[in-house]
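# Descriptive analysis of the structure
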Amino acid sequence: MNWSVGAGLEGQTVVITGATGGIGQAVTHAFAATGARILATDLDQHRLDTLLLEIPGEGHLAMAMDLTSFESQESLMERAVSELGGVHVLVHTAALLLRRSNLDDVTEDDWDAQIDTNLKTTFFLCRRAANEMKKVGRGSIVLFTSQSWWTGGFGGAAVYAASKGGVVSLSRGLARSYGQYGITVNAVAPGQINTPMLLNDLDPAIYEKMREETPLGYVGEPDDVSGVVIFLASKHARYITGATINVSGGYLMY
Ligand SMILES: NC(=O)c1ccc[n+]([C@@H]2O[C@H](COP(=O)([O-])OP(=O)(O)OC[C@H]3O[C@@H](n4cnc5c(N)ncnc54)[C@H](O)[C@@H]3O)[C@@H](O)[C@H]2O)c1
């Protein structure tokens, strides 16, 4: 056993979605530091290219796409296999939050966009990645849920919360199905983390209340999450699957 922080990740291919998002950037930097090779994806190619210039190591790739397109998901996995030698780890951070403080303002389009992006895409992306992992008999999938899977969400996030509850159920179902192939599937549940997703349209009074109610006394930073993802993808977590890891500074305790 290599007891370095990123045990087993050196030279492995890690596909990271939402890579230019607040948490995705921190996760990308962290994996690059372990010696892994990264296929980073998000919506904007220029932002991805800039990110790759910032991270250590060589042979990383960046590919802009809308992940809700199945054709794009297929191209992503094909590139991981043909240019980086496979898919060893999938870290799926990409998600959409549309806050509507009055539930009467939630439209069918709001519903469809969040459930499609956060839940439907997650299932098909994981299945495609797992089919590559099965070929080598190992792999790690790290999904992102939220404190809202437990609380129902704050500040108009009921639909988002429902999608993230689905991600927890899905992670458990995938873990049961894929364990026999040596594939672990776990979910990270951040509490409040300072990123565009948290701050967009959030009432400052709710932000302050969340901070006050966090035992560690501050709203988290993306690097408070990235180490947990490295752990889940590394050999240190090889006997953990179907878990939801609460990373909330004690805001929630379960
Ligand atoms: N920030 C928080 O406080 C917080 C709390 C709980 C859970 N989370 C979860 O953590 C994960 C990362 O969140 P974040 O705060 O970094 O958000 P973020 O908004 O900063 O980043 C999300 C990224 O996903 C990308 N994305 C969205 N839709 C996409 C699509 N259809 N195709 C491709 N890319 C798409 C966006 O472009 C963005 O870069 C999310 O799953 C989120 O739900 C965050």
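Data block above holds the structure.
Residues numbered from 1 in each chain as written. Predicted model: local features only at pLDDT ≥ 70, side-chain atom pairs only at ≥ 80, totals over all residues. Heavy atoms only, no water.

### Description of the packing of helix α1 (residues 22–34) against helix α9 (residues 223–233)
Contact geometry of α1 with α9 gives a least axis separation of 8 Å together with a crossing angle of 50 degrees. Classified by the interaxial angle, the pair formed by α1 and α9 is oblique. Judged by the twist between their axes, the crossing of α1 over α9 is right-handed. Across from Ile 23, Ala 26, Val 27, Ala 30, Phe 31 and Thr 34 in α1, the residues of α9 making contact are Asp 223, Val 225, Ser 226, Val 229, Ile 230 and Ala 233. Class assignment for the residues of the contact of α1 with α9 results in nine nonpolar, two polar and one charged. (Axes fitted to C-alpha atoms, helices over the stretch in contact; angles between N-to-C directions. Helix = DSSP H or I, 4+ residues; strand = E, 2+ residues; numbered from the N terminus. Parallel < 35°, antiparallel > 145°, perpendicular 65-115°, else oblique. Left-handed = near helix turned anticlockwise from the far one by under 90°. Contact = heavy atoms within 4.5 Å. Nonpolar A, V, L, I, M, F, W, Y, C, P; charged D, E, K, R; others polar.)

### Brief notes about the pattern of salt bridges
Where side chains of opposite charge bring their charged atoms close, a pairing between them can arise. Scanning all chains against the criterion turns up seven salt bridges. Taking the shortest distance from any N to any O, the salt bridge between Arg 128 and Glu 74 comes out at 2.7 Å. Of this pair, Arg 128 sits in helix α4 (residues 108–136) while Glu 74 sits in helix α3 (residues 70–84), and the two are 54 residues apart along the sequence. Note on Arg 128: relative accessible area 18%, which makes it buried. The salt bridge partner of Arg 100 is Asp 110, with a shortest N-O separation of 2.7 Å. Placement of Arg 100 in the loop between β4 (89–92) and α4 and of Asp 110 in helix α4 is noted, with a sequence separation of 10 residues between them. Beyond isolated ion pairs, a larger network of salt bridges with shared partners links Glu 74, Arg 128, Glu 132 and Lys 135. (Salt bridge = Lys/Arg side-chain N within 4 Å of Asp/Glu carboxyl O. Buried < 20%, exposed > 50% of the residue type's maximum accessible area, 1.4 Å probe, protein only.)

### Thoughts on the layout of surface pockets
Space inside the largest pocket adds up to approximately 1,100 Å³. Lining the largest pocket are 47 residues, with Thr 93, Ala 94, Ala 95, Leu 96 and Met 197 positioned closest to its centre. Counting residues per element, the ones that place at least two in the lining of the largest pocket are α1, β2 (37–42), α6 (158–178) and α7 (196–199). Top element by residues in the lining of the largest pocket is α1. It accounts for four residues. (1 Å grid on protein atoms, 1.4 Å probe; cavity = no way out; pocket = protein on both sides within 12 Å on 5 of 7 lines; lining within 4 Å. Points joined across faces, edges and corners; volume = space filled by probe spheres on them.)

### Thoughts on the site of the ligand
Taken together, 28 residues lie around the ligand, and Ile 23, Asp 42, Tyr 160, Ile 193 and Thr 195 are the ones closest in. Measuring from a nitrogen atom of the ligand, one finds a side-chain N or O atom of Asp 66 at 2.9 Å. A distance of 2.8 Å is found between an oxygen atom of the ligand and a side-chain nitrogen or oxygen belonging to Lys 164. Starting from 830 Å² of accessible surface for the ligand in isolation, the protein chains cover 90%. (Near = heavy atom within 4 Å. Polar contact = N/O pair within 3.5 Å; in protein donor to acceptor, adjacent residues only side chain to side chain. Areas by Shrake-Rupley, 256 points an atom, 1.4 Å probe, with all protein chains shown as cover.)

### Some thoughts on unusual backbone geometry
Notably, Asp 201 is not glycine yet its phi reads approximately 60 degrees, a positive angle. Along the chain, Asp 201 falls in the loop between α7 and α8 (204–212). Overall, the relative accessible area of 67% leaves Asp 201 in the exposed class.

### Remarks on the sheet that holds strand β5 (residues 139–144)
Spatially, the seven strands line up as an open sheet ordered β3-β2-β1-β4-β5-β6-β7, and their pairing is parallel. Because the sheet does not close on itself, it has two edges, and the strands there are β3 (61–64) and β7 (244–247). Neighbour to neighbour, the strand axes of the sheet diverge by 15 degrees on average, direction disregarded. As paired elements, strand β1 (residues 13–17) and β2 share five bridges and run parallel to each other. Considered in β2, the bridge of Thr 13 is made with Arg 37. In this fold α6 packs onto β5, β6 (183–190) and β7, with an angle of close to 160 degrees to the strand it touches most, β6. (Pairing = 2+ DSSP bridges.)

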